[in-house]
Every structure is written in C-alpha cells, then in structure tokens.
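Spelled out from the first residue to the last, the chains are:
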Amino acid sequence: MADGPGDNHIALPLVTSMFLGDRWEYLFHPGHTRLRAYGERALAPGEHWLALPAEDVWVFPSA
C-alpha cells in the first residue's frame with residue numbers, strides 16, 4: 001500500500017481485507033475489475049493508494 005500518488009500508483013476502492021495467517025490480502029473492486037493485493041496490516045474499506053511496481057504485477061484475463 002502507498003501513502004499517495006507517485007510512479008505507478010492508483011487510487012482504488014477497497015472492499016475488504018482478510019488475514020491469511022502470514023499476510024493480509026486486500027480485495028479492490030473498481031467497476032467490473034477485481035484486484036487482489038497483499039500487505040502487512042489490516043486496512044479499512046474505502047479508497048486507498050495502491051503501488052503497482054512493474055516487477056510485482058501479474059495480470060490474468062477473465063474467461
């Protein structure tokens with residue numbers, strides 16, 4: 001997660017965050033797109049800045 005705009009940052013609406021035992025998973029749902037990200041702490045629902053470093057982004061088309 002990021003604190004504000006910068007290179008490869010985007011503000012997205014967070015739907016929920018859930019603890020997976022060793023990390024937090026975040027579900028963002030901007031329109032018809034679903035995005036999952038991981039982090040070290042719980043986040044409240046609402047808009048958050050998400051950093052998208054090129055070496056860490058995976059894109060999977062829906063069927």
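Residues numbered from 1 in each chain as written. Predicted model: local features only at pLDDT ≥ 70, side-chain atom pairs only at ≥ 80, totals over all residues. Heavy atoms only, no water.

Details of the nonpolar core
Of all hydrophobic cores here, the largest spans seven residues; its members are L12, L14, Y26, F28, A37, L43 and L50. Of all the secondary structure elements, the ones that give two or more residues to this core are β1 (9-19) and β2 (24-28). (Core = buried A, V, L, I, M, F, W, Y, C linked by side-chain atoms within 4.5 Å. Buried < 20%, exposed > 50% of the residue type's maximum accessible area, 1.4 Å probe, protein only. Helix = DSSP H or I, 4+ residues; strand = E, 2+ residues; numbered from the N terminus.)

Concerning the pairing of β2
In regular strands, side chains alternate between the two faces of the sheet. Bridging between β1 and β2 involves five bridges; their strand directions are antiparallel. Along β2, the bridge assignment pairs L14 with F28. In sequence, β1 turns back onto β2 through a hairpin of four residues, with G21 there showing a positive phi of about 100°. By the bridge criterion, five bridges tie β2 to strand β3 (residues 35-39) in an arrangement that is antiparallel. Within β3, the residue paired with W24 across the bridge is G39. Between β2 and β3, which follow one another and run antiparallel, lie six residues, and G31 among them has a positive phi close to 70°. (Pairing = 2+ DSSP bridges.)

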